Amino acid sequence: MYLTHLECPRCGREHDAGVPQNLCDCGSPLLARYDLATIAGVLQPERFGLRPATLWRYRELLPVADPGHVTTLGEGWTPMLRAPAYGARIGVDELLVKDEGLTPTGSFKARGAAVGVSRARELGIRRIAMPTNGNAGAAWATYAARAGIDATIAMPVDAPTICRRECVAAGADLRLVDGLIGDAGRQVAALVAASGGAIFDAGTLREPYRLEGKKTMGYEIVEQLGWQVPDVIVYPTGGGVGLIGIHKALGELRELGWIEDRLPRLVAVQSTGCAPIVRAFAAGEDRARPWSHAHTVAFGITVPAPLGDELILSALRASAGTAIAVDDAEILADLRDFAGCEGLLLCPEGAACLTAARKLRAGGWIRAGERVVVLNTGAGVKYPDTVDVSGVPVLPS
């Protein structure tokens, strides 16, 4: 294993990667660091094509030392689909959609769960707890069950029904909270504190290895483009782990010498009903203030106070990217339009990225001829209420 240590991006302190870790003492999430110089000397990117089509093809750049602890359901290596019809409609001729809806639990959260649970198993953790907006809880409950780890999942009572059922089916201790993800987080914090160390807090960015699973989206995008980077990557941003992870992956690939210095411009997409990152980015702030009365049809990005706000904003600015908020009505309209053009039903968070791409192209921020990758972070069928069928006629027998 080439994992060397954990590092605090805020204060620079190094932490031991050989024991379970949560946040740095300064309150910042920790980032996994690797011996990239050694990896560059022993590994060439061409070798990945000879390996299984899962995220574990990048094992040298992941934190699990013993393959016996790897907990997998075949996650990763999702397709990147061209969308020529919809792209032509919005003026983006090279529009690509990376479809994370085809992961084992139906969302990109399976990547973080696979690596996070595998590393937890390797470190001897026997019970985890976490708050979630739905898909992350379903994924972690599923992978915890496969690894033989107990899981307590707290989620808002308004979370997608299927996610609740997935947790129950996986045998998790599911707790529904009458509130938002922050309220679920307080419930988990109290449970962890009362456990005397018996329960590990696996909440978003409160442990460092979920991020490592999600960064593999960045590796895959580059490998699927023939070790070239796109011009723009558009990402739906709630907790922001996926966006932070993609930015981390691109930085690692550049340090390895596998891509050139130019990096894609990253776009954080939020809803006008919950846009703390957009507000902070526009104001030139380094931290995001909590968003009041958060609500959006894109439930997965309903995160009023993301823990990773500093890392998200830093990634946007370092990549010359931007942040944009889009309206729920436009999200649903673009979801329908895209399905009609391309035959792919996106999740509302993925559809929000289409709305963002359309607006950014109309405003000139995305330029003609640029290659744009949109992340569809989950399967549209997990959100059946996003398509209105009330006007469909019922024929007599």
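Residues numbered from 1 in each chain as written. Predicted model: local features only at pLDDT ≥ 70, side-chain atom pairs only at ≥ 80, totals over all residues. Heavy atoms only, no water.

We now examine the overall build of the chain. Of the regular secondary structure elements, the chain holds 13 helices and 13 strands. For 397 residues, the compact-globule estimate of 2.2 N^0.38 gives 21 Å, and the chain sits close to it at 20 Å. Overall size of the chain, expressed as C-alpha extent along the three principal axes, is 60 × 50 × 45 Å. Taken across its 397 residues, the chain has 57% of its residues classed as buried. Sequence separation of at least 24 residues holds for 71% of the intrachain contacts in the chain that already meet a minimum separation of 6. Once the 40 positive and 44 negative side-chain charges of the chain are each reduced to a mean point, those two points are 1 Å apart. (Helix = DSSP H or I, 4+ residues; strand = E, 2+ residues; numbered from the N terminus. Rg over C-alpha atoms; globule rule 2.2 N^0.38 Å. Buried < 20%, exposed > 50% of the residue type's maximum accessible area, 1.4 Å probe, protein only. Contact = heavy atoms within 4.5 Å. Lys, Arg positive; Asp, Glu negative; His and termini not counted. Charge placed at Lys NZ, Arg CZ, Asp CG, Glu CD.)

Strand order in the open sheet made by the 4 strands is β8-β7-β6-β9, with parallel pairing throughout. Unpaired on one side and paired on the other, β8 (173-177) and β9 (200-201) mark the two borders of the sheet. The sheet contacts of helix α6 (residues 181-194) involve β6 (127-131), β7 (150-156), β8 and β9, and relative to β6 the element is tilted by about 155°. (Pairing = 2+ DSSP bridges. Axes fitted to C-alpha atoms, helices over the stretch in contact; angles between N-to-C directions.)

Let us now look at the packing of aromatic side chains. Under the defined criterion, the tally for this structure stands at 7 aromatic pairs. Judged by centre distance (5.7 Å) and plane angle (70°), the ring pair of Phe 48 and Trp 258 falls under edge-to-face. Here Trp 258 lies in the loop between α9 (241-256) and β11 (265-271) and Phe 48 lies in the loop between α1 (36-42) and β4 (80-82), a separation of 210 residues in the sequence. Between the aromatic rings of Tyr 86 and Phe 338, the centroid separation amounts to 5.4 Å while the plane-to-plane angle is 70°, which identifies the pairing as edge-to-face. Here the residue Tyr 86 occupies a position in helix α2 (residues 84-90), and Phe 338 occupies one in helix α12 (residues 328-342), the gap between them amounting to 252 residues. Each of the two residues, Tyr 86 as well as Phe 338, counts as buried. Ring-pair connections join several aromatic residues into one group, and the members of that group are Phe 48, Tyr 58, Tyr 219, Trp 227 and Trp 258. Between the NZ or CZ atom of Arg 57 and the centre of the ring of Trp 77, over which it lies, the distance is 4.0 Å. (Phe/Tyr/Trp six-rings, centres within 6.5 Å; stacked < 30°, edge-to-face > 60°. Lys NZ or Arg CZ within 6 Å of the ring centre and 35° of its normal.)

With that settled, consider the packing of helix α4 (residues 135-147) against helix α5 (residues 161-169). To describe two helices that pack against each other, one gives the angle between their axes and the distance between the axes. Look at α4 against α5: their axes get within 8 Å of each other, and the N-to-C directions meet at 15°. As the angle between them shows, α4 and α5 are arranged roughly parallel. Our pair here, α4 against α5, has a crossing hand that is left-handed. On α5, the residues touching Asn 135, Gly 137, Ala 138 and Ala 141 of α4 are Cys 163, Glu 166 and Cys 167. (Parallel < 35°, antiparallel > 145°, perpendicular 65-115°, else oblique. Left-handed = near helix turned anticlockwise from the far one by under 90°.)

For the rest of this paragraph, the subject is the sheet that holds strand β13 (residues 371-376). Pairing between sheet strands relies on hydrogen bonds along the backbone, with the strands arranged either parallel or antiparallel. Spatially, the 6 strands line up as an open sheet ordered β4-β5-β13-β10-β11-β12, and their pairing is mixed. The sheet terminates laterally at β4 and β12 (322-326), the two strands that pair on one side only. In this sheet, neighbouring strand axes are inclined to one another by 25° on average, regardless of whether the strands run parallel or antiparallel. Where β11 meets β12, 5 bridges bridge the pair, whose relative direction is parallel. The partner of Ala 268 across the bridge, within β12, is Ala 323. Here helix α11 (residues 309-318) sits on the sheet in contact with β11 and β12, set at roughly 135° to β11.

So, on to the environment of Gly 340. Tracing the chain through its elements places Gly 340 in helix α12. For Gly 340, a relative accessible area of 67% corresponds to the exposed category. Along the primary structure Gly 340 and Ala 85 are separated by 255 residues, whereas in three dimensions their C-alpha atoms are 9.7 Å apart.

Turning our eyes to something else, we now look at helix α13 (residues 348-362). Structural remark: α-helix, 3.6 residues per turn; residues separated by three or four positions point the same way. Compared with an ideal rise of 1.5 Å per residue, which puts 15 residues at 21 Å, α13 spans 21 Å between its outermost C-alpha atoms and is within 8% of the ideal. Burial analysis of α13 places 11 of its 15 residues in the buried class, the great majority of the element. For α13, every residue scored as buried is listed here: Pro 348, Glu 349, Gly 350, Ala 351, Ala 352, Cys 353, Leu 354, Thr 355, Ala 356, Ala 357 and Leu 360. Once α13 ends, the next one or two residues include Gly 364, with phi positive near 90°. (Expected span 1.5 Å × (residues − 1).)

By the secondary structure assignment, Glu 223 is in helix α8 (residues 216-224). With relative accessibility at 12%, the residue Glu 223 sits in the buried group. Not counting the four nearest positions on each side in its chain, Glu 223 is found in contact with Phe 48, Gly 49, Arg 57, Tyr 58 and Trp 77.

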